[in-house]
Amino acid sequence: MPTELPYAADAEDSLSYDELEVLRIQYQKELNQAHVTIQTKFNYAWGLVKSPLHEHQIEGVRLLQDIYRAEPTRRRECLYYLALGHYKLGNYEEAKRFNTLLMEKEPTNLQAQSLGQLIDKKVATEGYVGMALAGGAAAVGAILLAGLIRRATRK
Amino acid sequence: MASHRTSADSRSSTRSSQGRQHHHDPAPPATGPSKLELMQKVFSPFNHKKSDSTRILSDLAPVIMTPRMMNSAAEVSSRPRHSLANPTLARSAMDFATFGRTPFRFGLGSRRITSGELQVVEATEELLDAEVPEPEGVAADVSLLRGFKATIPSADQSRSRRRQMRNVDTPKLGLKKHGMSARGLLTEEEDHDNQSVASEEDMVVIPHQKKKRGRESLSTAKRLGKEELTRQVSEILRDKENLHVRRSLVNGEITEITHKIRALDDVRQKLEQDLLKLQEDELELDDELEGVKERMRFEEAISSQHPELNSSLHLPPSSRRRKGPAFLPSEHSELPPGVAFMTLESHTTPITALDFSEPYGTLVSASEEDAQPRVWDLLAGVEIGRLRGHIGAVKCLQVEDHVCLTGGEDGNVRLWDLRRVEDDEEYKRREMDSIPEVILEEDENTDDGELVERPNGIRDGASESKEPEGPCARVLEGHSRGVTALYFEDECLVTGASDKTLRQWDLTTGQCVMTMDILWAISHPASSSTFGDPYNMSSSFHAPNPAASSAYAMYDDFVGGVQFWGYGLVSGSGDGAVRMWDMRTGQAHRTLLGHTGPVTCLQFDEMHIATGSLDKTLRLWDLRTGGIVETMQLDHPVTSLQFDTRKIVAACGDNGAKIFNRTTSQQSVLLTNGHTKPVERLRYMDKYLVTGGRDATVKIWSL
């Protein structure tokens, strides 16, 4: 049975401050009562992940991890959300691992597939940057060496 | 540069071209493999596995491929958890990506890596290892996202929007003012600017205007339009779905909470049981403390007294009231609890009485129709002798250290010195060998202090009563019928007999000090001190209770048990009454009624009296008030019991002794290697229990 998951674009669309505040208040209230329902926790975590602030995203992923640990039945969905969270944070390696685990469980999931592609694209982009840097560093190093050797041979 | 090509080959070829150009001019390609080997050797501590990509990279660009890079590359490749479509590609991509990310991390972005982020990243390993089961129950019905959409506050917006659509503009009605004054709140004076304070005529004019508008329904003023209405229909349907979602979420929560409550209840029960166990331990420690204190006193007394002093009857405090742990051989702790580890077989008829001096000491047991109680050595488990002297069966006995007192059907009480039993036996054996004839031999034997029973069974009555010898140190005569219960402590002995009297004796002189007549006490009850359920006293108390089991149909022992402390004596008798006597006056000052059958066994301590009777009940009485604390209904008559603060051990007709735990109210039966017929008598000290049964055996148990 396919799980209902949001597309990655949904994660880029953040909630308004007020909405997030309401979710946070709800979560705090349940914390004070010493029993937090999974739905409230998820609502707050999802709101945090959608936010553009890095600290919020980290907190959101942490809450999602709590849900993952606590609720075995919800783990499959959480895999996706964790992958999405890590993707937004920039931890592409972790995102990839969660996403591939999800795809093992549910190969036909469209959102998982699209997320996988997104992650790969981002990784490739970073790879290009890395290559460029490596090339640049190598070039600089080569020039320096050439200069040293020339100086040596001259003398 | 080749930044636009995406294949691994091109990447590695790019690097190789760079590498070859600048760093490997002096090294011809032929030495590549050896270089690789060298590299592997050098970097082997860093690499767990060498995949293709890392080998190529390490081969071609050793300078760039620093050990750290090799490390991360090898790490990535050594965690092949998932079979990806293109593992090598992905991993090489990762290597570069790691490299490429560094400027972002440290330079371009001004982000700091917080502890939270690290925690998040480090936790992924453990999470990925956790099992991911199939979703079921609430999780299958309602996905998290669906729940999110249903429960966020904006979900309710459409309803309020629809409500607002139905707002009709009306002239100011001042409803808020009405509402607030209805609640008792002060309303502010409003809108006086609008109204001029001119005259009242102005005010009168307005109602006219209102009337003109007529009595139309508010709804006619508004037109919502078809589009709006259809939109509202779909919104309402969606809201209903959301409601359904929320309901299933709440139901799921309720079931989860119920489970948690059940689990917590289980934990609480276990904790309560632990509490009971602690209570029991505390009682045991209290007993131990008392025992140790007494021991301290005893040892002090022993060391301070002269060793030559005292008669043969000097004893440590009575074993009946001794508490706390006994002295046991160290091997005793290795015994499995609740198992009969020793069986003493010699009797041929059901055991009627038994007692022992101490664990692994000396045991004396008597059986039906047998005038000779047997003496056993419990360390070895062998019979060391017999007590000869009684004419009828021995019905009751008590052993304290080396002194044994027996009461028999002949109405006599004999006092035995158990130390002499062994000598007696040996002499007797020697005697038998040497002189087989039937001759009066008492003259020759008197100096040895031995009483020989003539093989033909004829006794000289005169010599008997004149000088009891051998292990028997004294004979106490006085009762006219069989002695069925006795208790002695220090120099004082109390016996109860079927002639319905209790006699108190002084053991040093051997004289009866007092006689207490139960019959007299029955017919002259102290009016203010009868307790329990009063019943018709004139009913025949000789006749056994019809409810008693058939085995006891002939039971007519009138006194089932006696015990005293100081000058307070408690007796249990065949009319079912438990009487408390004052030994100074010889009067029964209290009668506890409750049993409907003869009382067969009795014991008391500082707080309670425990009695067992043929009416199949075991009763616990409060010593001070005389009220019944507890009544235990059983399946068979109770023939013997002993109790302490934590347990009651009773012989209640089962083949095993029953142990009632007083703190946890649990029962257990000792059956392993047990008797084959009901247990008749029992006695325990600390962890050592001795039982005698109708199968004529005596078994020793470890508690």
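Since the structure is predicted, the reported quantities are computational estimates derived from the model, not experimental observations.

(A) Seen up close, the overall build of chain B. Along the backbone of chain B there are 16 helices and 29 strands. Sorting the 703 residues of chain B into buried and exposed places 42% on the buried side. At a minimum sequence separation of 6, the contacts of chain B that also span at least 24 residues come to 52%.

(B) Region of the structure containing the UniProt feature "repeat: WD" (unreviewed entry) in chain B. Residue and element names in this part refer to chain B. Per the UniProt record, the feature "repeat: WD" (unreviewed entry) sits at residues 344–378, 387–426, 476–515, 569–591, 592–631 and 672–703. The annotated region residues 476–515 carries 0% helix and 62% strand content, and the separation between its end C-alpha atoms amounts to 14 Å. The straight-line gap between the two end C-alpha atoms of residues 569–591 is 12 Å; of that span, 0% is helix and 65% is strand.

(C) Highlighting the pairing of strand β6 (residues 394–400) of chain B. Residues and elements named next belong to chain B. Burial of β6 is extensive: seven of the seven residues sit out of reach of the surface. The pairing of β6 with strand β7 (residues 403–408) spans six bridges and is classified as antiparallel. Within β7, the position partnered with V394 by the bridge is G408. Connecting β6 to the antiparallel partner β7 that follows it, the hairpin turn spans two residues, and D401 within it adopts a positive phi of roughly 60°.

(D) Quick peek at the packing of aromatic side chains. Residue and element names in this part refer to chain A. According to the stated counting rule, one finds 11 aromatic pairs over all chains in the structure shown. Seen from their ring centres, F42 and Y81 are 4.8 Å apart, and the 65° between their planes marks the pair as edge-to-face. In this pair, F42 is assigned in helix α3 (residues 38–50) and Y81 in helix α5 (residues 75–89), connecting sequence segments 39 residues apart. Given the relative accessible area of 0%, F42 is considered buried. Exposure remark for Y81: the relative accessible area of 0% places this residue in the buried category.

(E) Spatial organisation of the UniProt feature "transmembrane region" (unreviewed entry) in chain A. Mapped onto the present numbering, the UniProt feature "transmembrane region" (unreviewed entry) falls on residues 128–149 of chain A. Secondary structure content for residues 128–149 of chain A is 100% helix and 0% strand, and the end C-alpha separation is 31 Å.

(F) The arrangement of helix α10 (residues 175–182) of chain B in detail. Where burial is concerned, little of α10(B) is hidden: zero out of the eight residues are buried. G184(B) occupies a position one or two residues after α10(B) and carries a positive phi of about 90°.

(G) Geometry of the nonpolar core. Core analysis: the biggest nonpolar cluster contains 46 residues, and F42(A), W46(A), Y81(A), L84(A), L115(A) and F148(B) have the highest contact counts within it. Per element, the largest residue contribution to this core is nine residues, and it comes from α5(A). Apart from residues no more than four positions distant in its own chain, F148(B) is found in contact with L15(A), L23(A), Q39(A), F42(A), N43(A) and W46(A). Counting residues in each nonpolar core, the second largest holds 18 residues, with V494(B), A521(B), I522(B) and V559(B) among its members.

(H) View of the sheet that holds strand β28 (residues 688–693) of chain B. Residue and element names in this part refer to chain B. Taken in spatial order, the four strands line up as β1-β29-β28-β27 in an open sheet, and their pairing is antiparallel. Sheet topology places β1 (339–345) and β27 (679–685) at the edges, where each strand pairs with a single neighbour. Across this sheet, the average inter-strand angle for adjacent strands is 20°, counted without regard to direction. Sheet topology note: the β27/β28 ladder contains six bridges and is antiparallel. Paired with M685 across the strands is Y688, a residue of β28.

(I) Structural context of the sheet that holds strand β24 (residues 647–651) of chain B. Residue and element names in this part refer to chain B. Ordered in space as β23-β24-β25-β26, the four strands form an open sheet in which the pairing is antiparallel. At either margin of the open sheet sits one strand with a lone partner, and together these are β23 (640–643) and β26 (667–669). Recorded for the sheet is a direction-independent mean angle of 20° between the axes of neighbouring strands. Sheet analysis places β23 next to β24, joined by four bridges and oriented antiparallel. Bridge pairing links F643 to I648 in β24.

(J) Region of the structure containing the side chain of H479(B). Residues and elements named next belong to chain B. Summarising the element assignment, H479 is placed in the loop between β9 (472–476) and β10 (483–489). Side-chain polar atoms of H479 contact the side chain of T501, separated by 3.4 Å. Those residues within four positions of H479 in sequence are excluded, and the remaining contacts are G411, T495, A497, D499, T501, R503 and W505.

(K) Representation of unusual backbone geometry in the model. Residues and elements named next belong to chain B. Backbone geometry places D490, a non-glycine residue, at a positive phi of 55°. Here D490 lies in the loop between β10 and β11 (492–497). With phi around 55°, N673 is a residue other than glycine that occupies positive phi space. Within the secondary structure, N673 is located in the loop between β26 and β27. Judged by relative accessible area, which is 45%, N673 ranks as partly exposed.

Cut-offs and rules
Residues numbered from 1 in each chain as written. Chains lettered and ligands numbered in written order. Predicted model: local features only at pLDDT ≥ 70, side-chain atom pairs only at ≥ 80, totals over all residues. Heavy atoms only, no water. Helix = DSSP H or I, 4+ residues; strand = E, 2+ residues; numbered from the N terminus. Buried < 20%, exposed > 50% of the residue type's maximum accessible area, 1.4 Å probe, protein only. Contact = heavy atoms within 4.5 Å. UniProt positions renumbered as here; feature names shortened; annotations may be inferred. Pairing = 2+ DSSP bridges. Phe/Tyr/Trp six-rings, centres within 6.5 Å; stacked < 30°, edge-to-face > 60°. Core = buried A, V, L, I, M, F, W, Y, C linked by side-chain atoms within 4.5 Å. Axes fitted to C-alpha atoms, helices over the stretch in contact; angles between N-to-C directions. Polar contact = N/O pair within 3.5 Å; in protein donor to acceptor, adjacent residues only side chain to side chain.

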